[in-house]
Amino acid sequence: MKRILFLLALIAGPFFVTAQPGAEAPDTSWKKLFRESSPRINDLVHTKLDVKFDYDKSYLYGKAWITLKPHFYNTDSLLLDAKGMEIKEVAIMKGASKSKLKYNYDGFELRISLDKIYKGGENYTVYIDYVSKPNELKTKGSAAITDAKGLYFVNPKGEQKDKPTQIWTQGETEASSVWMPTIDKPNQKTTEEIYMTVPAKYVTLSNGLLVSKKVNADGTRTDYWKMDLPHAPYLFFMGVGDFAVVKDSYKGKEVSYYVDKEYASVARGIFGYTPEMMKFFSEKLGVEYPWQKYSQIVGRDYVSGAMENTTATLHQESAYQNARELVDGIGWEGTIAHELFHHWFGDLVTAESWSHLTVNESMADYSQTLWMEYKHGKDAGDAENLQGLQAYLSNPNEAKKNLVRFHYADKEDMFDLVSYQKGGRVHHMLRNYVGDDAYFKSLNNYLTNNKFKPGEAGQMRLAFEEVTGKDMNWFWNQWFYGNGHPIVKIDYNYDIPGQARVIIEQTQKTDKVFRLPLAIDVYNGATKKRYSVWVENKIDTFSFNYSQKPDLINVDADKVMLWAKTDNKTAENYIHQVKYAPNYLDRKEALDYFAKKNMPELAMGLTDKFAPLRRSAITKLEASKIAEDAKVIEGIEKIANTEKDRRTKAAAISYLAKTGNTKYKPLYENNINDSSYSVAGAALEGLIGLEPTKAYVLAKKYMNDAKGDLGAIVNETIIKEGTEADFDFILKRFDDMPLSQEKLGAIGTFAGYLEKVQNIANVKKGIDAIIKLRNAVPEQFRNFVDPMIMTELNKVSKAKGKEIEDYISNGMK
């Protein structure tokens, strides 16, 4: 599952609060509850489903034939998860005949008395006739899944003319049992058959291969899907809708993309790296992609980011990009890699319990770094890795949690910045420590020994030990079974002639001292000498003899440490670092230092080899003392005219736009129709800056095809300058924006526009759109965004009077 945790961290980051006096004490009883793996009394063997959908009621009518066997001990009973269903019949199958069984059902669990005592390993098949009623089930979601009702009907009656009718399922964590009776635990595995009867105009998608289609006399069609390899129940999937299916292939296996028909022409632009990713991951892991096919589908109103349903990954609408957006880069590329990698880590070998989620999600998170490094170069991989580190460090509360946790309030709590981003960074360190060959051989060992089985962190440790010959307990105990991270202060001392000393002090406010293998590079000019050292104490001092004073001592020379650091280098050190140290983070740290100190060396970033660093330097230069320096302007102009990376080119044009210099008007005019929204947006910014009285006219001129940066400028201008006649356009633009920092930031401008609107019915529609945004934020983050939203809504109510004040009050309840 790819959760939008980085966004949520950004939302919550500035607003961490402590409990107020008099507040109700939180329930901490869970701290005494050990979350063991679910006992395996019966094992799933095969699941056969025959389902039909009632679009008017949002019901599923199902029949299930579930084959099981006692795991070891004899048993005469069966406990199944079956949430919110109507159970019509339960029976034991004897060949083609069936005999009814006694059962008790409490609305969540189905307890069945079997017809006899079955021995360990003896197969039996139960039959269940049931109705799934997902919309009538009260469920609880998480920070990253807004609810957990398993089966979702999107616009089932076709009442929303601008939204297609679709059905999709979301099983993780334990919600497949809303639409099928099963043992809904991650340590279960089962093969699968599904017969799906749907209106003939729709296409279907499920796990495995589509074996047959049967056209029925009533205008429906029954599709038969078969998965003959075992996988966990939470990975079962059904998708139904009027999709275009764009076909690709990998080594003779079907690779397909299910998209809204308007995106069929760009489906390969969005997902087209998939076959290359399959090849890359197969070769790196030494385990060929193990499943029969690989499909990806985009679902409307999806409750999370993406989900690795076996052979049938589901993505949210944010995956969609049109041809112009793709010019600026594939925004969903990391997520596509993440979900595919799960087909080894999560689907082939599945976390035996949610406590061990790291063997699924930390691996998938790290796959994004691996892919970016392979496809776009080491700088891109390092940038992806840094983004994950910053996300984890952005929430200090995460440092309290172990990566493997046997105590948590709810299983959904495991899906956090620790299981994802911290775990990914732990693997980055592990890879560096053992070396590339050993790292990937160890992963191969883990996958090969545990394929089609549950797995846990301890088994991964054993896989690494078997390959490397090293005892890895210290690493697992520190990073997997322990919490926190080092906070270090690095000082340099040259008081003793001919000797340089590096003092590394761990300053975290805990008793824990981390053991860290480090590389330290000592530079004289372009020549460097590497020293491998271990940090093992609260304060460690490392001494290096020299005949010539070093120009730079670079601690953590590979830039792999999961830590927060204060590195007390001098300006001269950083100047040397940006010139000679090779890594992305070396250069970024130096440029950040130059920006903080307002040093002219910041301009060196304009010629960096990595486009995102050139772009970052441009942004930092805007606020610097040398912003108008002739050489800086010359460098910016060169980028604006010759840069191939569109977003960096756009940053340069935007920089020049802020100068207000009319000589750049031809530059803006030449780029206003660029295929990149970023470049076109920067050009429009420049034209508006030169002729602000024409801002509204210019924005209206380009509004029909305006997304990304161009859309942001068009939106801001029309909202700011717009009239009552623009209401429908402005409302739609705001409503259509995905949940993001950009949309949260647009609330103030949009609310300011509502203050000008005279039509009270339209004002209420606008308020509804803001409240809809607020309700899309996961519940545990609303305390962070509500004050900001209420500040803006109160301005609207003050301008419009008591009717609107009451309307807002009722809507926010």
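Source: prediction; values computed, not measured. (Residues numbered from 1 in each chain as written. Predicted model: local features only at pLDDT ≥ 70, side-chain atom pairs only at ≥ 80, totals over all residues. Heavy atoms only, no water.)

(A) Fine view of the overall build of the protein chain. Looking only at helices and strands, the protein chain has 25 helices and 29 strands in total. Within the span of the protein chain, comprising 813 residues, buried residues form 57% of the whole. Contacts spanning at least 24 positions in sequence make up 68% of the contacts within the protein chain whose residues lie at least 6 apart. Carbon and sulfur atoms make up 49% of the accessible area of the protein chain, which amounts to about 34,500 Å² in all. The distance from the centre of the 109 positive side-chain charges to the centre of the 108 negative ones in the protein chain is 1 Å. (Helix = DSSP H or I, 4+ residues; strand = E, 2+ residues; numbered from the N terminus. Buried < 20%, exposed > 50% of the residue type's maximum accessible area, 1.4 Å probe, protein only. Contact = heavy atoms within 4.5 Å. Areas by Shrake-Rupley, 256 points an atom, 1.4 Å probe, with all protein chains shown as cover. Lys, Arg positive; Asp, Glu negative; His and termini not counted. Charge placed at Lys NZ, Arg CZ, Asp CG, Glu CD.)

(B) The confidence of the model for the protein chain, seen in detail. Across the protein chain, the average pLDDT comes to 94, with 96% of residues at 70 or higher. Note that pLDDT drops below 50 for residues 10-21; the model gives that stretch 13 contacts with residues more than four away or on any other chain. Predicted confidence is poor over residues 142-146, with pLDDT under 50, and the contacts of this stretch with residues over four places away or in other chains come to 22 contacts. (pLDDT = per-residue confidence, 0-100.)

(C) Main features of the environment of F280. Looking at the secondary structure, you find F280 in helix α3 (residues 274-285). The exposure class assigned to F280 is buried, which follows from its relative accessible area of 9%. Along the chain, F280 and L370 lie 90 residues apart, while their C-alpha atoms are 9.5 Å from each other. In this structure F280 touches L370, W371 and Y374, once residues within four positions along its chain are discounted.

(D) Representation of helix α20 (residues 708-721). Its 14 residues place the ends of α20 20 Å apart at the C-alpha level, agreeing with the 20 Å of an ideal helix rising 1.5 Å per residue. Along α20, the residues that are buried comprise L710, G711, I713, V714, N715, T717, I718 and I719. (Expected span 1.5 Å × (residues − 1).)

(E) Representation of the sheet that holds strand β5 (residues 97-100) within the structure. With mixed pairing, the eight strands of this open sheet are ordered in space as β5-β4-β8-β2-β1-β11-β14-β13. Edge positions in the sheet fall to β5 and β13 (209-215), since each has one partner strand and no second. Each neighbouring strand pair of the sheet contributes to a mean axis angle of 20 degrees, computed without reference to strand direction. Relative to strand β8 (residues 124-132), strand β2 (residues 59-70) runs antiparallel, the two sharing nine bridges. Within β8, the position partnered with L68 by the bridge is Y124. (Pairing = 2+ DSSP bridges. Axes fitted to C-alpha atoms, helices over the stretch in contact; angles between N-to-C directions.)

(F) Highlighting the nonpolar core. Counting 174 residues, the largest nonpolar core has W344 and F345 as its most contacted members. Element by element, the count of residues in this core is highest for helix α18 (residues 677-690), at eight residues. When near neighbours in sequence (up to four residues on either side) are disregarded, W344 contacts M278, F281, S282, L285, V287, E288, Y289, P290, V349 and L447. (Core = buried A, V, L, I, M, F, W, Y, C linked by side-chain atoms within 4.5 Å.)

(G) Quick peek at the packing of aromatic side chains. Overall, the coordinates contain 47 aromatic pairs when judged by the stated rule. Centre to centre, the rings of F243 and Y258 are 6.5 Å apart; their planes meet at 70 degrees, and the pair counts as edge-to-face. Taken together, the positions of F243 in strand β16 (residues 243-250) and Y258 in strand β17 (residues 253-260) put the pair 15 residues apart, joining distant regions of the chain. Comparing F243 with Y258 shows no difference in burial state: the two are buried. Arranged with centres 5.7 Å apart and planes meeting at 50 degrees, the rings of F464 and W476 form a pair that is tilted. Taken together, the residues F464 in helix α10 (residues 457-468) and W476 in helix α11 (residues 473-480) connect sequence positions twelve residues apart. The class of F464 is buried, set by a relative accessible area of 0%. The buried category is assigned to W476, whose relative accessible area is 0%. Seen from the ring of Y118, K116 lies directly overhead, with NZ or CZ sitting 4.9 Å from the centre. (Phe/Tyr/Trp six-rings, centres within 6.5 Å; stacked < 30°, edge-to-face > 60°. Lys NZ or Arg CZ within 6 Å of the ring centre and 35° of its normal.)

(H) Geometry of the layout of surface pockets. As a volume, the second largest pocket reaches approximately 770 Å³. What lines the second largest pocket is a set of 35 residues, among which S38, P39, E109, E174 and K185 lie closest to the centre. Mapped by element, the contributors of at least two residues to the lining of the second largest pocket are β3 (75-81) and β7 (109-118). Looking at the lining of the second largest pocket element by element, the count peaks at five residues for β3. Taken together, the residues of the lining of the second largest pocket sort by class into 14 nonpolar, nine polar and twelve charged. (1 Å grid on protein atoms, 1.4 Å probe; cavity = no way out; pocket = protein on both sides within 12 Å on 5 of 7 lines; lining within 4 Å. Points joined across faces, edges and corners; volume = space filled by probe spheres on them. Nonpolar A, V, L, I, M, F, W, Y, C, P; charged D, E, K, R; others polar.)

(I) Region of interest: the pairing of strand β27 (residues 539-545). Residues of β27 alternate between two faces, with D540, F542 and F544 buried on one and I539, T541, S543 and N545 left unburied on the opposite face. Strand direction decides the pairing type here: strand β24 (residues 499-506) and β27, joined by seven bridges, are antiparallel. Each bridged residue has a counterpart across the sheet, and for I503 the counterpart in β27 is T541.

(J) Layout of the pattern of salt bridges. This structure, assessed with the given rule, holds 55 salt bridges. The residue R221 makes a salt bridge to D223 at a minimum N-O spacing of 2.7 Å. Taking the relative accessible area as the measure of exposure, R221 reaches 8% and is therefore buried. One salt bridge connects K279 with E283, and the closest N-O pair in it is separated by 2.9 Å. Here K279 pairs with E283, and both are found in helix α3, just four residues apart, close to one helical turn. For K279, a relative accessible area of 42% puts it in the partly exposed group. Overall, the relative accessible area of 54% leaves E283 in the exposed class. Look at the salt bridges and you will find they share partners, linking E398, K401, R405 and D416 into a network. (Salt bridge = Lys/Arg side-chain N within 4 Å of Asp/Glu carboxyl O.)

(K) Representation of the side chain of T313. Residue position: T313 is located in strand β20 (residues 312-315). Here T313 falls in the buried class, since its relative accessible area comes to 0%.

(L) Geometry of the packing of helix α9 (residues 436-450) against α10. Following both chains from N to C, one finds α9 and α10 inclined at 125 degrees, their axes separated by 8 Å at the closest point. Classed by the angle they form, the pair α9 and α10 counts as oblique. The interaxial crossing formed by α9 with α10 has right-handed handedness. Residues A438, Y439, K441, S442, L443, N445, Y446, N449 and N450 of α9 touch α10, and the partners they reach there are Q459, M460, A463, F464, E466, V467 and T468. Considering only residue class, the contact of α9 with α10 consists of eight nonpolar, six polar and two charged. (Parallel < 35°, antiparallel > 145°, perpendicular 65-115°, else oblique. Left-handed = near helix turned anticlockwise from the far one by under 90°.)

(M) Region of the structure containing the environment of L430. Mapped onto the elements of the fold, L430 is located in helix α8 (residues 418-434). Under the relative-accessibility criterion, L430 is labelled buried at 0%. A sequence separation of 22 residues divides L430 from F452, and the C-alpha atoms of the two residues are 25 Å apart. Sequence-distant contacts of L430, that is, excluding residues within four places in its chain, are made with Y439, F464, M472, F475 and W476.

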